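The primary structure of each chain is shown beneath.
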Amino acid sequence: MDKTVIRFRHCGKYIYRFSDQNATSCSFYKQNQSCAQSDLCPICHEPLVLGLLDAPVAIPYPFTNGHQVSCAFLIGAKDGPSSLRESQESELHVGLSNTKGLVYNYTLSGVRTDEHGWEQCICMQLVPPWRDALSDSWDKELQLFSTLPTWIPELFHEEREFGSCCYGFALTFINHMRSLDIKGSLSRDEFTGMHVLPRMKQATMYIKVYEEILQHGFYIVDKDILSLVSASGK
Ligand SMILES: [Zn+2]
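Residues numbered from 1 in each chain as written. Predicted model: local features only at pLDDT ≥ 70, side-chain atom pairs only at ≥ 80, totals over all residues. Heavy atoms only, no water.

1. Notes on the coordination of the zinc ion
Phase 1: For the zinc ion, the full set of protein donor atoms is His 10 (ND1), Cys 11 (SG), Cys 41 (SG) and Cys 44 (SG), at a range of 1.9 to 2.4 Å.
Phase 2: Around the zinc ion sit 4 donor atoms; with metal-centred angles ranging over 100 to 120°, the donor geometry is tetrahedral.
Phase 3: When the donors of the zinc ion are listed by position in the chain, the intervening gaps give H-C-x29-C-x2-C. (Donors = N, O, S within 2.8 Å, 3.2 Å for Na, K, Ca; no water. Tetrahedral: all angles 85-135°; square planar, octahedral: opposite > 155°, others 65-115°.)

2. Observations regarding unusual backbone geometry
Phase 1: Even without being a glycine, His 45 presents a positive backbone phi close to 60°.
Phase 2: Note on placement: His 45 falls in the loop between α1 (27-31) and β3 (57-58).
Phase 3: The backbone phi angle of Cys 71 is positive, close to 50°, even though this residue is not glycine.
Phase 4: Looking at the element boundaries, Cys 71 is found in the loop between β3 and β4 (72-77). (Helix = DSSP H or I, 4+ residues; strand = E, 2+ residues; numbered from the N terminus.)

3. Looking at the environment of Gly 95
Phase 1: Take Gly 95: it is sitting in strand β5 (residues 92-97).
Phase 2: Judged by relative accessible area, which is 0%, Gly 95 ranks as buried. (Buried < 20%, exposed > 50% of the residue type's maximum accessible area, 1.4 Å probe, protein only.)

This is the structure:
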C-alpha cells in the first residue's frame, strides 16, 4: 500500500482514488479510454472543476513505524498491514515499544524484544513525549516486567484460553504503568473499546477503500467513511 489515497466531492458523492492515478495505474482506465484522463469525474465524466470545499484531501495512512514511536501499544500482523483488519483478528499480534524503538511482545517462545518487524503497524502512543520521568520508568519497568515468571513460554497456551496471550501481556503492563501514574485499571473490554476498535475500524475502512481503488480505479460513496471513522476514533 504505497500510494496516497485522496478524496474529493463531485456529483454529490465522495470519490476516493490514488493521488498519482494515471492511465496505466489500473485496468479500468485501460478498458475505458473515456476515463483515461484522471482529471475526469468517474460519475459524470466531466473535467473536474473543484470548489474550495470539494478540493482533494489526502487520507492519512493508518499504519506507522512502531520502532519510531516510544511507549506505544502496537498492533501488527504477520502478513503485513493489509491483513490488519477486524475480520482477521486471529492473525494479529500486539506489542509495546520502549523509548529506544525496541518492541516487547509475548510469543510462544516467551517475551521477545524486536528491533525490526513492526515497521507497519497500528500504533497508539501511551505516554506523551513531554513526560520524561514516566518515559524513563516505562523502559525500566517494561524490562523488569518482561522477565516475570508469568510470561514464560510454557504458560503461553494457558493464557490463550482467556483471549489473545500477547494482548494479556501488553494490557497487564499498561495497567501496571497506570497504577504507578495513580490511574485505575482498564478492563480488556474497556481498553479494546476505547483504543483498539476505533483504530481497527479506521484501518479496515482504509484497506477496503484501497482495494476498491486498486480494482476499479476509484471508490464512490454517499458518505465520507474515512473521515467519519477518524473523527469518531479520537
Ligand atoms: Zn461528476
